[in-house]
Amino acid sequence: MADETNNPYTTFSGEKLPFRGLRLWKLLTLLSSLVAITIAAVFVWYVLAHTTAEKAGDKQNASTDVTMACPQLPTLFPLPKETPKRITEVFEKLESILNATVDETSSLPAISMNVFYRDKILWSGHYGSKVYKQPTLKPNDSTVYRIGSVTKIFAVLLVYKLYEEGKIVSIDDPLSKYAPNFFIHNPFTNENITLREIASQMSGLPREAPCIYQCSNTTSREQLALLRNRTLVLPPWTEPSYSNLGYALLGRLLTENLLNETFENWTKENILKPLGMANTGFEITEEVEKNMAFPYLPDGQRMKFMNLGWINPAGAMYSTIEDLAKLGMMFAQPEKQKLFKPASLREMMTPKDITPDGVTVWGSPFEMFFSEHFLIRTKGGNIDTYSALLTVIPELALGANILRSTIYYGQPMGFEAPVSFYNLLAPRLNETLFELQRKSHFPISPEPFIGKFRVKQVNPVFGNIMTYNVTITSYQNFLLSSVLPTQSTLEIRYIGENLVFQAKMRIPGNSCFGERVGTLADLYYEPPDKEKLSQGFRIPQWEILAKRLKDSGEDPGDGNRKEFDFFNDFKSAI
């Protein structure tokens, strides 16, 4: 029999069970996990409580109104070189909050936070010390912290990259299609759980792997053998159930079976290197420790780094706020990056479940909630005594990262930092962008496309023709026209094509539901003539044909549809 001091498992009834010498360590790690969960729960309560308190007065006399006007989103312009005061005021508040969080006696925790917009870091701040009672050893942009479950983002990126490369046929395939040895009992539906269900916390898998957190001396083969005697805890797609096991399965089984390499190496070569995340990884070496904020327990004792081993894909990585900003910028502007198809990243950030509170939303693997009309995508993480939070609001190309070395030191008001980011910075940036939009211009020369046009619109149901005149003008960064028959306005936006534009029918007071049931259409202008003027446009979806009016304002045709045959020639040219 193997020496128990060298073998962390003992055999009982044909299964490997943890050696009793690990019990104390497991209790410590379980306690750390429970504390982290509690803090995360308190943070969510804090956000919701403060948001509710601020708006309680408005809600006392207000009833739910699904017909309220839909909030509009601004164009994401570059900010001025000098950051507007309304935004720097938020940064000043963050400085005050984070400074007050640090415990003066211990100089802990080390805290690093940054805020980015588009492809630029707007602000970063560093507080506390990397080492217990050594206040001069302050963190910086390159200081390393462990990021816990933020690692799960990379496991889901793996799934989508394999799908983009054709190695996975469908995200809705069962995991067992690519890992035939994977099996867990599903007493609810008898169906195999899918990649999408696992990636979005909707699979019903147990929270932890059979090896729990001490998985450094086990393999996929051993863990799969133990799972064959386990069952799901929920029917798939009923409600989210957080599962470290799920992301370990994705990371391990897909890389081993489809790529014949480790998850750690795949992540390094396919994500970290292309994004330039040089200070991010899995193995904590002496070189990494040179600029690391260390984990500390309440008595000032440095906590030993947990070795997650087989479940590394669920939470073992380390990083810096500088590196995490590069990852966050990829999600903040999916169309601006080249590493993934934009649709893959947007699908990851799309809600998969909304909880009964109407606020908490689940994605793949993002945890989200609504604040100030925005859906905030977050991914939190905890390991050892560290806590990490990555935040992205793609509708504003805005994001933030906050890393903390220990949850056992510091004032509770540290929660105010992310809350201020959500509730203050997002609406202030929104206001700034609308202000910039009011001063903006159409992205290309509007002259060929503006002027007076006679519009003929066919009712698709009854076939009758409505005729009216419109005047298209350049307004801010789009073209605008009043549509008198419907008391609405037509907005024409440039989408990067010479003659193809996006048309939007703007109806005063329209609800978000109303705006999403057919107010957008494709619009085609006729190529400009010798006078550099387009003589007409068409909007096929709305059965609209338009022709430029002469300077005299006369009708260019006799009302016969044949007058508009040039659109057929234009369509052929396109």
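On a predicted model such as this, the values are computed, not experimentally measured, just so you know.

Reading the values: rules and limits
- Residues numbered from 1 in each chain as written.
- Predicted model: local features only at pLDDT ≥ 70, side-chain atom pairs only at ≥ 80, totals over all residues.
- Heavy atoms only, no water.
- Helix = DSSP H or I, 4+ residues; strand = E, 2+ residues; numbered from the N terminus.
- Contact = heavy atoms within 4.5 Å.
- Areas by Shrake-Rupley, 256 points an atom, 1.4 Å probe, with all protein chains shown as cover.
- Pairing = 2+ DSSP bridges.
- Axes fitted to C-alpha atoms, helices over the stretch in contact; angles between N-to-C directions.
- Salt bridge = Lys/Arg side-chain N within 4 Å of Asp/Glu carboxyl O.
- Buried < 20%, exposed > 50% of the residue type's maximum accessible area, 1.4 Å probe, protein only.
- Phe/Tyr/Trp six-rings, centres within 6.5 Å; stacked < 30°, edge-to-face > 60°.
- Lys NZ or Arg CZ within 6 Å of the ring centre and 35° of its normal.
- Parallel < 35°, antiparallel > 145°, perpendicular 65-115°, else oblique.
- Left-handed = near helix turned anticlockwise from the far one by under 90°.
- Expected span 1.5 Å × (residues − 1).
- Core = buried A, V, L, I, M, F, W, Y, C linked by side-chain atoms within 4.5 Å.
- Disulfide = S-S within 2.5 Å.
- pLDDT = per-residue confidence, 0-100.

Undergrad: Explain the overall build of the protein to me, please; I cannot follow it from the model alone.
TA: A count of helical and extended segments in the protein gives 14 helices and 20 strands. Once local pairs closer than 6 in sequence are excluded, the contacts in the protein between residues at least 24 apart make up 64%. Within the structure as shown, the protein displays about 27,400 Å² of accessible surface, and the carbon and sulfur contribution to it stands at 53%.

Undergrad: Mind showing me how you'd approach the sheet that holds strand E15 (residues 478–483) here?
TA: Adjacent strands of a sheet pair through backbone hydrogen bonds, lying either parallel or antiparallel. The strand order around the closed barrel formed by eight strands is E13-E14-E15-E16-E17-E18-E19-E20, and the pairing between neighbours is antiparallel. When strand polarity is set aside, the average angle formed by the axes of neighbouring strands in this sheet is 30°. As judged from the five bridges shared by E15 and strand E16 (residues 488–494), these two strands associate in the antiparallel manner. Bridging from a neighbouring strand, serine 481 pairs with leucine 490 of E16.

Undergrad: What should I look at first to understand the pattern of salt bridges in this one?
TA: Charged atoms that come close allow side chains of opposite charge to pair. A complete count under the given rule lists 21 salt bridges for this structure. With a closest N to O distance of 3.3 Å, lysine 504 and glutamate 515 form a salt bridge. Note that lysine 504 is positioned in strand E17 (residues 500–506) and glutamate 515 in helix H13 (residues 512–515), a separation of 11 residues in sequence. Here lysine 504 matches glutamate 515 in class, with each residue buried.

Undergrad: In this structure, what is going on with the pairing of strand E11 (residues 386–393)? I would like to understand it.
TA: In the case of a regular strand, side chains alternate between the two sheet surfaces. Counting buried positions over the eight residues of E11 gives eight, a clear majority of the element. Alternating residues of E11 divide into Tyr386, Ala388, Leu390 and Val392 and Ser387, Leu389, Thr391 and Ile393, and every residue in both groups is buried. In this structure, the hairpin formed by strand E10 (residues 374–383) and E11 is closed by a connection of two residues, where aspartate 384 is found at a positive phi of approximately 50°. Here seven bridges tie E11 to strand E12 (residues 398–404), and the two strands are oriented antiparallel to one another. Within E12, the position partnered with serine 387 by the bridge is arginine 404. What sits between the antiparallel neighbours E11 and E12 is a turn of four residues, in which alanine 397 has the positive phi angle 50°.

Undergrad: It is not clear to me how the packing of aromatic side chains should be interpreted in this structure. Could you clarify?
TA: Aromatic rings considered in pairs are described by the distance between their centres and by the relative angle of their planes. This structure, assessed with the given rule, holds 16 aromatic pairs. With centroids separated by 6.3 Å and ring planes inclined at 25°, the aromatic side chains of phenylalanine 442 and phenylalanine 501 adopt a geometry described as stacked. Of this pair, phenylalanine 442 sits in the loop between helix H12 (416–438) and strand E13 (451–458) while phenylalanine 501 sits in strand E17; the two residues are 59 residues apart in sequence, bridging distant segments of the chain. On the basis of relative accessible area, phenylalanine 442 is assigned to the buried category, the value being 7%. Three or more aromatic residues joined by ring pairs make a cluster, and in this case those are Phe442, Phe449, Phe453, Tyr494, Phe501, Tyr525 and Phe537. Sitting over the ring of phenylalanine 340, lysine 161 keeps its end group 4.5 Å from the ring centre. Taking the ring centre of tyrosine 524 as reference, the NZ or CZ of arginine 538 above it sits at 4.7 Å.

Undergrad: Is there a simple way to explain the packing of helix H3 (residues 152–164) against helix H6 (residues 244–259) in this structure?
TA: A pair of packed helices is captured by two measures, namely the crossing angle of their axes and the spacing between those axes. Between H3 and H6, the least distance of the axes is 9 Å, while the angle of their chain directions is 40°. Taken together, H3 and H6 sit at an angle that is classed as oblique. Note on packing geometry: the crossing formed by H3 with H6 is left-handed. Listed contacts from H6 to Lys152, Ala155, Val156, Leu158, Val159 and Leu162 of H3 are Asn244, Tyr247, Leu250, Gly251, Leu254, Thr255, Leu258 and Leu259.

Undergrad: Explain H3 to me, please; I cannot follow it from the model alone.
TA: Because each turn of an α-helix spans 3.6 residues, side chains separated by three or four positions in sequence point in the same direction. End to end, H3 covers 19 Å across 13 residues, agreeing with the expected 18 Å (1.5 Å per residue, within 8%). Burial analysis of H3 places 11 of its 13 residues in the buried class, the great majority of the element. Taken residue by residue, H3 has Lys152, Ile153, Phe154, Ala155, Val156, Leu157, Leu158, Val159, Tyr160, Lys161 and Leu162 as its buried positions. Just downstream of H3, glycine 166 is the residue with a positive phi angle, here 85°.

Undergrad: Hey, could you run me through the nonpolar core in this one?
TA: Nonpolar side chains in soluble globular proteins generally cluster together in the buried interior. By size, the foremost hydrophobic cluster in this structure holds 90 residues, and its most contacted members are Leu157, Phe182, Leu249, Leu254, Leu327 and Phe331. Per-element tally for this core: the top contributor is H3, with nine residues. Look past the residues within four positions of phenylalanine 182 in its chain and what remains in contact with it is Leu175, Ser176, Ile193, Leu224, Leu227, Leu249 and Leu253. Core analysis: the next-biggest nonpolar cluster, separate from the first, contains 32 residues, Ile111, Val115, Ala426 and Leu429 among them.

Undergrad: Could you clarify how one ought to interpret the state of the cysteines in this entry?
TA: Where two cysteines share a covalent bond between their sulfur atoms, that bond is called a disulfide. Under the definition given, this model contains two disulfides. Put simply, cysteine 70 and cysteine 512 are joined by a disulfide, and their sulfur atoms are 2.0 Å apart. Its S-S torsion of approximately 90° makes the covalent link between cysteine 70 and cysteine 512 right-handed. In this pair, cysteine 70 is assigned in the loop between helix H1 (23–60) and helix H2 (85–101) and cysteine 512 in helix H13, connecting sequence segments 442 residues apart. Residue cysteine 512 is classed as partly exposed on the basis of its relative accessible area of 31%. Note on cysteine connectivity: cysteine 211 is disulfide-linked to cysteine 215, with sulfurs 1.9 Å apart. Residues cysteine 211 and cysteine 215 are joined by a disulfide whose S-S torsion is about 95°; by sign, that bridge is right-handed. Residue cysteine 211 shares its accessibility class with cysteine 215, and that shared class is buried. For the protein, the bonded cysteines connect in the pattern 1-4, 2-3 when numbered consecutively along the sequence.

Undergrad: What am I meant to see in the confidence of the model for the protein here?
TA: Note that predicted coordinates carrying low pLDDT should not be read in detail. Residue-level pLDDT values for the protein average 86, and 83% of them are 70 or greater. Per-residue pLDDT stays below 50 along residues 24–28; that stretch engages in eight contacts with residues further than four places along the chain or on separate chains. Counting interchain partners and residues more than four positions distant, the pLDDT-below-50 stretch residues 51–66 has four contacts.

Undergrad: Got a minute to help me understand the environment of proline 210 in this structure?
TA: Examined against the element boundaries, proline 210 turns out to sit in the loop between helix H4 (195–199) and helix H5 (220–227). Sequence separation between proline 210 and glutamate 222 is 12 residues, and the spatial gap between their C-alpha atoms is 9.3 Å. Among residues more than four places away in sequence, those in contact with proline 210 are Gln223, Leu226, Leu227 and Arg230.

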